[in-house]
Amino acid sequence: MAANASAGDVNQYAVLVSNARKSYGAKPVLNDFCMKVPRGCIYGLLGASGCGKTTLLSCVVGRKQLDSGDVFTLGGKPGTPGSGVPGPSVGYMPQEIALVAEFTVRDAVYYFGRILNMDDWLIEERFQKLKVLLDLPPDDRQLKNCSGGQQRRVSFAAAMVHKPQLLILDEPTVGLDPVLRDSIWNHLVEIAEKENTAIIITTHYIEEARQAHKIGLMREGRLLAEESPERLLQLFNTETLEEVFLILSRRQEEGRLNQAIETLADEQNNTIISRAESNTSVMTLPIGNNSSTDFLAPKKPLNNTSAFSLNKHRMKSLMTKNIKQFLRNYGGMSFTFIFPILEILAFLMAVGSDPKDIKLAIINDEARMQQCSNYSIEGTAVPYSFSNCNFTNLACRFIDEIENPMFEFKYYDSLETAFDDIKHGEIVGVLYMASNFSEAYSNRVNNGRQVSDADIDFGEIKVWLDMSNRQIGASVKARLFRLFQDFQVSAFKDCQYNELLGRVPLRFTFEFGVEDEDYTNYMIPGVLLTVMFFLGATLTSTIIVTDRQEGVWDRSIVAGVTSLEIVVTHFATQFCLVVLQTCELIVLTFVIYDKDFEGDMWLIFLFTLFQGVVGMVFGFWISVVSDNHTAANIVCTGMFYPMIVLCGLVWPLEAQPDGLRHFSKCLPFTLPIVSLRQVIKKGYGMDEWQVLDGLGITVLWILILSVISVLAIKASR
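Residues numbered from 1 in each chain as written. Predicted model: local features only at pLDDT ≥ 70, side-chain atom pairs only at ≥ 80, totals over all residues. Heavy atoms only, no water.

**Student:** Help me understand the confidence of the model for the protein in this model?
**Tutor:** Predicted coordinates in areas of low pLDDT are best not read in detail. Scored by pLDDT, the protein comes out at a mean of 83, with 88% of its residues at no less than 70. Predicted confidence for residues 267-305 stays below pLDDT 50, and this span has 99 contacts to residues more than four positions away or in other chains. (pLDDT = per-residue confidence, 0-100. Contact = heavy atoms within 4.5 Å.)

**Student:** Which parts of the structure should I look at to understand the pairing of strand β6 (residues 166-170)?
**Tutor:** Put simply, side chains in a regular strand alternate between the two faces of the sheet. Among the five residues in β6, five count as buried, and that is most of the element. On β6, burial covers both faces: Leu 166, Ile 168 and Asp 170 on one face and Leu 167 and Leu 169 on the other are all buried. Two elements, strand β5 (residues 90-93) and β6, share four bridges in a ladder whose sense is parallel. Opposite Gly 91, over in β6, you have Leu 167 as the bridge partner. In terms of strand pairing, β6 meets strand β7 (residues 198-203) through five bridges, oriented parallel. (Buried < 20%, exposed > 50% of the residue type's maximum accessible area, 1.4 Å probe, protein only. Helix = DSSP H or I, 4+ residues; strand = E, 2+ residues; numbered from the N terminus. Pairing = 2+ DSSP bridges.)

**Student:** Mind showing me how you'd approach the packing of aromatic side chains here?
**Tutor:** Any aromatic ring pair is given by two values, namely how distant the centres are and how the planes are angled relative to each other. Within this structure, the stated rule accounts for 21 aromatic pairs. Summarising the aromatic geometry, the rings of Phe 533 and Phe 618 are spaced 5.2 Å apart at their centres and angled 35 degrees between planes, so their arrangement reads as tilted. Taken together, the residues Phe 533 in helix α17 (residues 519-549) and Phe 618 in helix α20 (residues 601-625) connect sequence positions 85 residues apart. For Phe 533, a relative accessible area of 0% translates into the label buried. With a centroid separation of 6.0 Å and an interplanar angle of 65 degrees, the aromatic rings of Phe 534 and Phe 669 are classed as edge-to-face. On the criterion of sequence distance, the pair formed by Phe 534 in helix α17 and Phe 669 in the loop between α22 (658-665) and α23 (670-682) is long-range, its members being 135 residues apart. For Phe 669, a relative accessible area of 0% puts it in the buried group. Clustering of aromatic rings is evident, with ring pairs tying together Phe 533, Phe 534, Phe 618, Trp 621, Phe 640 and Phe 669. Above the plane of the ring of Phe 112 lies Arg 555, whose end atom (NZ or CZ) is 4.9 Å from the centre. For Arg 677, the ring lying beneath its charged end belongs to Tyr 522, and the centroid distance is 4.2 Å. (Phe/Tyr/Trp six-rings, centres within 6.5 Å; stacked < 30°, edge-to-face > 60°. Lys NZ or Arg CZ within 6 Å of the ring centre and 35° of its normal.)

Shown next, in the form of structure tokens:
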């Protein structure tokens with residue numbers, strides 16, 4: 001074949017591949033590959049696994065691009081306007097099943113018929129014929145419940161439902177019953193002859209390719225020979241195609257492929273076209289009955305789709321696919337609706353409440369280990385003059401007044417024993433009151449400037465805390481400080497002192513919120529938004545990666561669906577799920593658990609919904625950059641922890657260095673958390689800049705991630 005295909009060649013053949021080269025890294029997959037497939041011809045492409053057959057077919061249908069050379073399919077380059085490829089001119093059965101596992105047998109055939117814009121009555125007519133021909137499983141059986149052989153037969157039916165001009169079948173007969181395989185070959189011969197369909201079929205069963213009109217023997221990315229089976233057997237004087245393949249392979253290994261073919265050609269007086277390369281040659285000979293004028297003339301394509309067009313029929317079919325795929329995947333459906341509830345319930349029930357039953361040691365030398373059993377709180381603070389008060393048994397009174405669900409008291413008689421238990425984690429702190437605590441405390445209060453250092457020392461309640469658990473230690477410290485202040489105020493009141501003297505001389509007034517507000521209320525905005533973000537990202541990336549990895553995405557595109565249609569329909573389906581998840585979280589948080597909010601509920605709903613959409617487009621981006629579920633999970637989980645740490649949910653943004661703080665504010669949910677908190681706690685509306693900032697960064701992230709994802713999809717075509 002000439003190095004450059006002429007216009008006549010392009011219009012004569014169903015598939016014409018000229019000087020094709022394709023590599024992955026340093027490994028050549030196709031090397032100076034040339035191939036011609038006339039119309040009405042069954043072309044058997046034979047070769048071992050890994051020799052490049054599937055890569056070649058992906059280039060023929062426009063799913064992969066050559067590094068150099070040309071591919072012409074149905075008279076045009078795949079993917080160009082008017083070529084009909086991708087589109088209904090081609091029926092494509094990839095090597096993998098490439099069908100939605102949740103589809104029934106009928107659903108799978110109808111899906112491809114509908115995206116090819118066939119009427120339902122015609123699809124049903126074709127389905128009934130294919131059902132008999134391929135011995136398909138029952139109509140309502142889901143593909144995930146079918147055997148591998150049954151799934152391949154359904155995949156075969158989906159490729160043939162619309163009677164394409166070019167039928168490409170990658171390993172269609174693997175694992176099939178010999179009788180059924182023979183029936184399928186007879187049908188292929190029939191449609192090639194009667195309907196003038198060009199068929200390319202790859203197979204591991206080399207001998208079954210004898211029924212093909214023409215075969216190409218492929219090894220290590222090169223076409224060793226291209227001819228009818230009968231002429232090859234005659235030319236090499238063998239009885240099986242296996243022997244022909246073995247001879248050519250050995251000659252290729254020895255670097256004598258050209259010489260062997262030329263010698264045999266002279267003996268047979270055949271026409272040989274060869275290329276002077278040490279281990280590559282292409283042989284083309286007449287094709288017997290198919291060598292006259294039975295070539296493929298370019299027909300008017302059944303459709304003319306651009307990469308980013310939208311078609312309502314295809315989109316309807318895609319939406320139906322997405323809905324069935326979701327509703328029949330019970331595990332995924334449970335994750336979608338139950339997981340948000342579990343996450344918000346775990347937060348509402350586990351976060352914000354005070355710690356309970358913290359073990360605290362009490363050493364009360366004033367009571368001499370009597371545990372205050374014989375004292376009465378009345379009379380522990382008795383005024384005996386206008387300016388003085390008699391304090392007695394204050395240690396017992398303090399212990400009595402700090403009884404709290406947070407603490408579980410354990411009484412000790414020595415500091416050494418208590419310190420040893422702190423070291424071994426038996427207790428978290430020690431409260432010590434000296435034997436003359438009440439007397440010393442009285443002197444502190446009554447003597448003013450004349451109080452001695454000893455009275456100051458013995459008039460204190462000494463506390464030792466284990467701060468290795470900072471949260472527990474800080475909670476105990478804050479609670480003891482507040483309880484001591486309450487104890488001192490009550491004692492001063494009994495002594496008829498101004499009770500305000502018992503308080504720390506620092507008064508706080510709260511403009512918004514309350515002093516003792518549950519920590520859960522502070523965390524609600526951050527938890528709502530982060531849960532929605534990562535749920536959206538995880539669910540979306542999982543679904544799309546599944547479609548891509550199983551080949552459904554590519555196979556649909558070969559049938560004429562555009563990437564934009566797939567993205568838009570996935571977006572519509574996922575958006576509905578995000579709305580439902582948002583409703584779940586809002587109802588559970590603000591209705592069932594009755595958490596307070598000051599702002600408008602619709603604005604709270606809007607923030608939560610938008611964050612789910614950001615997570616959704618983030619999941620789109622993850623699915624574009626990830627080849628499999630493992631990579632997608634690594635990207636998603638790898639970004640989870642840094643984003644949570646930097647968003648201000650764990651620790652205030654004000655504690656971060658300036659540069660890091662500005663970076664953190666650019667993350668998808670950092671500013672929205674601040675904005676939502678202002679809505680919930682202060683009642684801010686859309687007229688406040690702090691609210692608009694959060695909505696603005698959310699919308700900006702949606703646009704950025706959407707554009708990046710669409711461009712990445714376009715670049716991967």
